[in-house]
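Chain by chain, the residues run as shown.
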Amino acid sequence: MHEWALAEAIISAVSQIAEREGLKEVREVGLRIGELQQVDREVLGFALSQLKSGKLSNAKFTMRTVRARFKCRVCGNKWLFREAKVSEDVKESIHFIPEVAHAYFRCPRCGSPDFDISSGRGVWISSVRGVK
Amino acid sequence: MLDPRLTIIGERLKSIGQIIVVSSGKGGVGKSLIASTLALILARKGFRVGLLDLDFTSPTTHVTLGVRGLQPSEDKGVVPPEVHGIKYMSLIFYLGDRTSPLRGPEISNAFIEMLAVTRWGSLDMLIIDMPPGIGDLMLDVLKYIRGARFLIITSPSRMAFETVRKLLTLLRDLGAEIIGVIENMKMEDSAHIRREVEALGERFLGEIHFDGRVENALGDVDALLKTDFAKEIEKILEENVMWR
Ligand SMILES: Nc1ncnc2c1ncn2[C@@H]1O[C@H](COP(=O)(O)OP(=O)(O)O)[C@@H](O)[C@H]1O
Ligand SMILES: [Mg+2]
Ligand SMILES: [Zn+2]
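Predicted model only: the values in this text are computed from it and were never measured.

K.L.:
How would you explain the interface of chain B and chain A if you had to name every residue and give the values?
P.N.:
By a widely used convention, the size of an interface equals the accessible area lost when the partners come together. Contact with chain B, which involves 29 residues of that partner, is made by 32 residues of chain A. Together chain B and chain A conceal approximately 2,900 Å² of surface at their shared face, both sides included; 61% is due to carbon and sulfur atoms. When the buried surface of chain B facing chain A is broken down by residue, Met1, Leu2 and Tyr94 of chain B rank first, second and third, together holding 22% of it. In this structure, the connection of chain B to chain A is made through four salt bridges. Between Arg103 of chain B and Asp114 of chain A there is a salt bridge; the shortest N-O distance is 2.6 Å. Secondary structure elements with two or more residues in the side of chain B that touches chain A: α1 (5–13), α4 (92–95) and α5 (104–117) of chain B. For the side of chain B that touches chain A, a count of residues per class yields 13 nonpolar, five polar and eleven charged.

K.L.:
Quick rundown of the coordination of the zinc ion (ligand 3)? Include the residues and the values.
P.N.:
All names here are of chain A. The protein atoms donating to the zinc ion (ligand 3) are Cys72 (SG), Cys75 (SG), Cys107 (SG) and Cys110 (SG), with metal-donor distances spanning 2.3 to 2.4 Å. Bound by four donor atoms, the zinc ion (ligand 3) shows angles of 105 to 115° at the metal and therefore tetrahedral coordination geometry. For the zinc ion (ligand 3), the donor residues sit on a single chain with the sequence spacing C-x2-C-x31-C-x2-C. One end of the pair, Cys75, is in the loop between β3 (69–72) and β4 (78–80); the other, Cys110, is in the loop between α4 (101–104) and β5 (115–119), and 35 residues separate them in sequence. By relative accessible area, which is 38% here, Cys110 ends up partly exposed.

K.L.:
With reference to specific residues and values, describe the nonpolar core.
P.N.:
Core analysis: the largest hydrophobic core is formed by 104 residues, its most contacted members being Leu54, Phe56, Phe111 and Ile127 of chain B. In this view, Phe111 of chain B contacts Leu54, Phe56, Leu137, Asp140, Val141, Tyr144 and Ile145 of chain B; residues no more than four positions away in its chain are not counted. Ile10, Val29, Met63 and Ile125 of chain A belong to the second largest nonpolar core, which has 23 residues in total.

Rules used in this analysis
- Residues numbered from 1 in each chain as written.
- Chains lettered and ligands numbered in written order.
- Predicted model: local features only at pLDDT ≥ 70, side-chain atom pairs only at ≥ 80, totals over all residues.
- Heavy atoms only, no water.
- Contact = heavy atoms within 4.5 Å.
- Buried area = accessible area lost by both parts, 1.4 Å probe.
- Salt bridge = Lys/Arg side-chain N within 4 Å of Asp/Glu carboxyl O.
- Helix = DSSP H or I, 4+ residues; strand = E, 2+ residues; numbered from the N terminus.
- Nonpolar A, V, L, I, M, F, W, Y, C, P; charged D, E, K, R; others polar.
- Donors = N, O, S within 2.8 Å, 3.2 Å for Na, K, Ca; no water.
- Tetrahedral: all angles 85-135°; square planar, octahedral: opposite > 155°, others 65-115°.
- Buried < 20%, exposed > 50% of the residue type's maximum accessible area, 1.4 Å probe, protein only.
- Core = buried A, V, L, I, M, F, W, Y, C linked by side-chain atoms within 4.5 Å.

So, in structure tokens, the structure goes:
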């Protein structure tokens, strides 16, 4: 699963942060999960619980979903990913490489493929808390 | 806010012996054809080879290799399918025959995503086919792929070399490792490019002639490997002992 690749990346990034900040133990990690990639939060949570070790053994991961928003660069129209009708196949492609949205979506107002993914694209680490 | 993908890229590439970036700056000089044929030849020689098509808006290596009906599998990431003994990755798997018009930052994002999720496993070499241009993607490759080595393709045209010279200068300024320059689509005898390359202090690896039989061999790898085009690539490989 792609979620496992993301979990691996998150664990390795948090470990690096803990090292840099001189944390003895990581207690809480805040994650922002962009809606566009349709990350399965349950699978991601499970992968994180399986992969965490060492300083991260007791870390709690909290996830917040961020709505995927688009903004047309031609006409300025704004719309939401959840408003778009998307087939399973397309969802699957966007899951792996969100940028391919530009091949499948068009601005609902003017038809342009030239739009910004203004939020909710990927996965971000918003906070890392722990004890020194 | 931290992007977790950036820390995993090194991990994903760590079991790859060498990464060869086939680039030019110029389009239409044969980068994609050479990258795919090179990967095929190396795979036939028994090397564990990967091929990554980074031309997101106009990928073509799947045409040369005749890739049809394949899809990466999922196992804690994305595992590239094997095509004629090559582990192959391209945006084509997610695009089909659609176009994905992308701006600079989106190209970077797609590039980082691909590197972060693709599990190549152990490879002797990964060949990367670059799009034309000396822009976002070239800078990203330099930034994120440590130890990348650049194989530069030019045509005999002074117009092509004008751009190639700029790329060579940039790569040198940035301390990148340049394997050397191949002159492709040669039609007449001339040592012009060789002299230009050597005057810059770079290695001229050899020349490949224009071969009218290539077009019909696209998609049929056995036929492709029998062309003079492929033979000349093989000769360059032998003369330069894999460049290492
Ligand atoms: N030595 C050659 N002989 C004949 N055709 C060639 C040769 N090198 C490249 N080509 C053809 O020229 C065209 C451009 O090559 P391509 O690999 O797509 O260039 P690039 O990737 O640099 O844009 C393709 O149709 C390719 O098959
Ligand atoms: Mg090309
Ligand atoms: Zn619009």
